[in-house]
Amino acid sequence: MKSNLIPVANPHANYLTHATEIDAAIKTVLNSARYILGQQTQAFEANFATYIGVKHAVGVNSGTDAIVLALRALDIKAGDEVITVSHTAVATVAAIELVNARPVFCDINPQTRCMDAEKLESLITDKTKAILVVHLYGHPADMQKLQAIAKKHQLLLIEDCAQAHGAKINGQMVGSFSDVSCFSFYPTKNLSAIGDGGAVLTNNDALADRLRWLREYGWKERYISYYQGMNTRLDEMQAAILNVKLLYLENEILRRNEIANRYQQALTNTNIVLPSTKPGCRHAYHLYVIETQNRQSLIQHLTQNGVASAIHYPQGVHQQPAYFGRIRGCQNLPVTEALIPTILSLPMYPELTNAMVETVIKALLSFGKQ
Ligand SMILES: *Cc1c(COP(=O)(O)O)cnc(C)c1O
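Note that this is a predicted model, so its numbers are computed, not measured. (Residues numbered from 1 in each chain as written. Predicted model: local features only at pLDDT ≥ 70, side-chain atom pairs only at ≥ 80, totals over all residues. Heavy atoms only, no water.)

Novice: Break down the site of the ligand for me, with residues and values.
Specialist: Close to the ligand lie 14 residues; Gly63, Thr64, Asp160, Ser184 and Lys189 are nearest. Within the side chain of glutamine 163, an N or O atom sits 2.8 Å from an oxygen atom of the ligand. Here serine 184 contributes a side-chain N or O atom positioned 2.7 Å from an oxygen atom of the ligand. Contact with the protein chains covers 90% of the free accessible surface of the ligand, which is 380 Å². Comparing atom positions with the cavity grids shows the ligand to sit within the largest pocket. Counting residues per element, the ones that place at least two in the shell around the ligand are helix 4 (63-73) and helix 5 (90-98). A per-class count over the shell around the ligand returns 5 nonpolar, 7 polar and 2 charged. (Near = heavy atom within 4 Å. Polar contact = N/O pair within 3.5 Å; in protein donor to acceptor, adjacent residues only side chain to side chain. Areas by Shrake-Rupley, 256 points an atom, 1.4 Å probe, with all protein chains shown as cover. 1 Å grid on protein atoms, 1.4 Å probe; cavity = no way out; pocket = protein on both sides within 12 Å on 5 of 7 lines; lining within 4 Å. Sits in = over half its atoms within 2 Å of the grid points. Helix = DSSP H or I, 4+ residues; strand = E, 2+ residues; numbered from the N terminus. Nonpolar A, V, L, I, M, F, W, Y, C, P; charged D, E, K, R; others polar.)

Novice: With reference to specific residues and values, describe the packing of helix 4 against helix 5.
Specialist: Where helix 4 contacts helix 5, the two axes come as close as 9 Å, and the packing angle between them is 40°. By the criterion of interaxial angle, the relationship of helix 4 to helix 5 is oblique. For helix 4 against helix 5, the interelement crossing comes out right-handed. Only Ala91, Thr92, Ala95, Ile96 and Leu98 of helix 5 make contact with helix 4, whose side of the interface consists of Thr64, Ile67, Val68 and Leu71. Residue composition of the contact of helix 4 with helix 5, by class: 7 nonpolar, 2 polar and no charged. (Axes fitted to C-alpha atoms, helices over the stretch in contact; angles between N-to-C directions. Parallel < 35°, antiparallel > 145°, perpendicular 65-115°, else oblique. Left-handed = near helix turned anticlockwise from the far one by under 90°. Contact = heavy atoms within 4.5 Å.)

Novice: Talk me through the pattern of salt bridges; I want residue IDs and the actual numbers.
Specialist: Any two side chains of opposite charge can pair, given that their charged atoms come close. One pass over the full model with this rule turns up 17 salt bridges. Across the salt bridge formed by aspartate 75 and lysine 77, the nearest N and O atoms sit 3.6 Å from each other. For aspartate 75, a relative accessible area of 44% gives the class partly exposed. Shared partners join several salt bridges into a network, and the residues in it are Glu118, Asp142, Lys145 and Lys278. (Salt bridge = Lys/Arg side-chain N within 4 Å of Asp/Glu carboxyl O. Buried < 20%, exposed > 50% of the residue type's maximum accessible area, 1.4 Å probe, protein only.)

This is the structure:
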């Protein structure tokens, strides 16, 4: 659906920015005669692992598959509990149930909007195998505290980095703080394919091997399955596109931060609650999410002034029909439940021009003043 509103995200604009190089990369793949697990995927895995600062990256078909494969490679299975958050994309929780494990919900910290490490320990039982933390909106979760808790209780630590390519804690990239981290390259993400894609990252050589086997039918050698695998491969076309876009990711994260700084500067003295960044962190600003007590009328006002907005997400996972009432921890999520009715995502993507940013700001500043 095309409209004249300034959109919240704009994958087409990102294609146009890099069109010459992307078109050439696609042509190269077409003429390579190798369309699955060839040079492009190999190169992208090496390039992306280097960017995040982790030894291995394994390209897969989506962010959801990345989490499923990570859980399977870590041997998390039926009856095992994985503690995560309800305030996330449903994929985080769906992936846990796809391996027949049980998600458990931990509440979030109101500033980071990520898992509240203070509330985590009381949820741990002898069934708990892993903590699956989400760096939501591109703000890093409190990895130091989560690492300490995981170590103390001998739990696996997994990062869902689908919204956090380029986020850092004290100069270190998220995706490098855990046993295994999972990325999505869905078209609106900070690093995006033109279609589906994902990756699983780890420093563990044996785990990387298992991930490679499991993504392709459990083959250790061609046509011989040693494990019950699946088919979830990053294809050459998407890998070639990602190789182009990865070159510009760092600049695009900086542009996202520039836009966020301008929003911050212009909107500080309003009733709107702005996202904050913990000292020492670099926010990746996948989404710029404000909090407002007048969401419905603000959405309408923005629309009337040429600005689109969106809600990520209108319900916590524990509030959605498929999950309602049946997941441990769902009764005790006061911060999650207070936050959700107030959140609103403003336009945030690297191709937003300064003039567009000012249009968004003007629309917000004129709210309630007409
Ligand atoms: C997008 C997203 C996913 C799923 O990625 P897909 O590539 O769409 O499968 C998982 N977790 C989070 C937090 C996401 O934002």
